[in-house]
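# Structural description and commentary
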Amino acid sequence: MTGIDIRTKKRLKPADVLGLNFIRTPAAYVYRPHPRQGLRSHIMEVLRPEDVHVEKHGVERDGVTWYPHARPLKMLRLFRTRFRSREDALEEIRRLKVIETYLPVENIATSEEFLVDYAVTGKMEILLCGLQVFVEGEILDPWSLDAEKQILELLTCISTVREPEDDKTEGERWCRLQAEAEIFIRSIKRMIRESGMVPDLAGIGNILLTRSGRIRLVDINNICRVRFDHVIHLDDKGYPASDKSIEALYLLERHLLAPDTDIDAWPYAHFLHPDRMIDVRNMEERFYKQLESDQR
C-alpha cells in the first residue's frame with residue numbers, strides 16, 4: 001500500500017502508476033503523462049513497450065533513421081474525486097454517460113469507466129478510472145474561430161485516406177466542416193433541452209477536429225447543469241462552466257455554421273446578455289488567478 005494519495009498530486013509520474021495496487025506487475029504497457037492534464041483527473045497515455053522503444057532508438061527506412069512518436073493505445077484517466085460510497089461513484093458514471101445519450105459516438109472520445117479498490121494510507125478506497133479512446137486531431141478552439149488563420153489551419157488538416165488532402169478543394173473541406181458542425185451543435189442543443197445539462201465546451205483542447213473531418217469532444221469529465229435563472233452557477237472547481245459552454249456553443253455556430261446566428265435566440269439570449277457576460281468574465285478571471293496561485 002502506498003502512503004501518497006495520487007488524487008492530491010498535481011502530476012503523476014510513470015512510477016506512480018506502476019506502484020498502484022491494481023496495475024499488473026510487471027506491467028504489460030508503458031504509462032506516461034499526456035501533455036494535457038485535467039482538473040478532475042490525471043490522464044496517462046497507455047503505450048506498447050515496442051512502440052516506445054522505436055520512438056527512443058529509431059528505425060531505419062531506406063537508409064534514413066526515423067523516430068516515430070509512439071501512438072497511445074488508450075488514455076487512462078484516474079479521477080481525483082473522493083467518493084463516500086459505491087453508489088456515489090456509480091452516480092458519477094451515470095452522469096458521464098449522459099453525453100453518450102445525445103452525441104453520436106463519432107463525435108466523442110468514448111470511454112469505459114470502471115471502479116477499483118485503491119490501496120492508500122493503510123486502507124481501501126473507491127477510485128473511479130476510465131479507459132478512453134485516443135483521438136488525433138487539431139484543437140478546435142471556439143475562442144479563436146474569428147481568426148482567418150485558425151479556419152484555414154482547420155481546413156488544411158481535413159483529409160481522408162481515400163481522398164488525399166491535395167485532391168480536396170478548400171470549398172469541399174469547408175462543406176465537410178459545416179456538415180459536421182451542424183450535427184455536433186444540434187446534438188448539444190438537444191442535450192441542453194432534454195437533459196438540462198451541457199458538456200464543458202469552453203476549455204481549449206476540449207474539442208478536436210480529426211483528419212477525416214469529424215468534430216470530437218475529448219474532455220467528457222465535466223458535465224454541468226444548465227439553469228435559466230439569474231444566478232451564475234459555478235462548477236465544483238469554482239468555474240462558470242455552464243455560461244462559458246453556452247458562449248462557446250454560440251461561437252461554434254456563428255463561425256462554423258451560420259454567421260447570422262441570433263444571439264437573442266434560445267439558448268443564447270439568457271446567458272449572453274451583456275451585463276451577465278461581464279459578471280461571468282470577472283468570475284472567470286478570479287478562477288484563473290486562484291488556479292495560478294494554487295499551482296505555485
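If you're wondering where the values come from, they're calculated on a predicted model, not measured in any experiment. Every chain is numbered independently, its residues counted from 1 as its sequence is written. Two thresholds apply to this predicted model, a pLDDT of at least 70 for residue-level local features and 80 or more for giving and counting side-chain atom pairs, whereas whole-chain, interface and lining totals are computed over all residues. The side-chain figures draw on all heavy atoms in the structure; neither hydrogens nor water molecules are used.

## Things to note about the packing of aromatic side chains
For clarity, the cut-off: Planes of paired rings set the category: under 30 degrees apart is stacked, over 60 is edge-to-face and the rest tilted, where pairs are Phe, Tyr or Trp rings (Trp by its six-membered ring) whose centres lie within 6.5 Å. Segments assigned H or I by DSSP are reported as helices when at least four residues long, segments assigned E as strands when at least two residues long, and all are numbered from the N terminus. Under the scheme applied here, a residue whose accessible area is under 20% of the maximum for its type counts as buried, over 50% as exposed, and between as partly exposed, the area being computed with a 1.4 Å probe on protein chains only. Criterion for a charge above a ring: Lys NZ or Arg CZ within 6 Å of the ring centre, and within 35 degrees of the ring normal.
For the coordinates displayed, the defined rule picks out 6 aromatic pairs. Between Tyr239 and Tyr288, the aromatic rings sit 6.0 Å apart at their centres with planes inclined by 70°, giving edge-to-face as the arrangement. Residue Tyr239 is located in the loop between β12 (223–225) and α7 (241–257), and its partner Tyr288 is located in helix α9 (residues 274–294); the two are separated by 49 residues in the primary sequence. Tyr239 sits in the buried class, given a relative accessible area of 8%. Taken together, Phe228, Trp266 and Phe271 form an aromatic cluster joined through their ring pairs. Here the guanidinium or amino end of Arg193 rests over the ring plane of Trp266, the centre of that ring lying 4.0 Å away.

## Concerning the sheet that holds strand β10 (residues 207–209)
For clarity, the cut-off: The pairing criterion is simple: DSSP has to find at least two bridges between the two strands. Note on definitions: a residue-residue contact is assigned when non-hydrogen atoms from the two residues lie within 4.5 Å. Each axis is a line fitted through C-alpha atoms, taken for helices only over the stretch in contact, and angles between the N-to-C directions span 0 to 180 degrees.
One open sheet holds the 3 strands; their spatial order is β8-β10-β11, and the pairing between them is antiparallel. In this open sheet, the two edge strands, each paired with only one partner strand, are β8 (138–139) and β11 (215–217). Sheet topology places β8 next to β10; 2 bridges connect them, and they run antiparallel. Bridge pairing links Ile139 to Leu208 in β10. Its contacts with the sheet place helix α6 (residues 170–195) against β10 and β11, and it is angled at close to 35° to β11.

## With respect to helix α3 (residues 86–96)
Given 3.6 residues per turn, any residue in an α-helix points the same way as the ones three and four places further on. Applied cut-off: The arc refers to the directions leading from the helix axis to the C-beta atoms.
Listing the buried residues of α3 in full gives Ala89, Glu92, Ile93 and Leu96. Within α3, the buried residues cover an arc of 100° as seen down the axis, which keeps them to one side. Those residues of α3 that are buried are in contact with β5 (74–79), α4 (98–102), β6 (111–120), β7 (123–132) and β12.

## Things to note about the sheet that holds strand β1 (residues 30–33)
Pairing in this open sheet of 5 strands is antiparallel, and the strands run β1-β2-β5-β7-β6 from one edge to the other. Whereas interior strands pair on both sides, the edge strands pair on one side only; in this sheet they are β1 and β6. Pairwise comparison of adjacent strand axes, ignoring direction, gives a mean angle of 30° for this sheet. In this sheet, strand β2 (residues 41–47) lies alongside β1 in antiparallel orientation, the contact comprising 4 bridges. In the sheet register, Arg32 faces β2, and the bridge partner there is Glu45. Across the sheet, α3 touches β5, β6 and β7, and the angle it forms with β6 is around 155°.

## Overview of the packing of α7 against α9
Where we set the bar: By definition, turning the near helix anticlockwise from the far helix through less than a right angle yields a left-handed crossing, and turning it clockwise yields a right-handed one. Only Asp, Glu, Lys and Arg are considered charged, only Ala, Val, Leu, Ile, Met, Phe, Trp, Tyr, Cys and Pro nonpolar, and every remaining residue, Gly among them, polar.
Axis separation between α7 and α9 bottoms out at 10 Å; the angle between their running directions is 120°. In this structure, the crossing between α7 and α9 has a hand that is left-handed. Of the residues in α9, those touching α7 at Asp243, Lys244 and Glu247 are Arg276, Met277, Val280 and Glu284. A class-by-class count of the residues in the contact of α7 with α9 yields 2 nonpolar, no polar and 5 charged.

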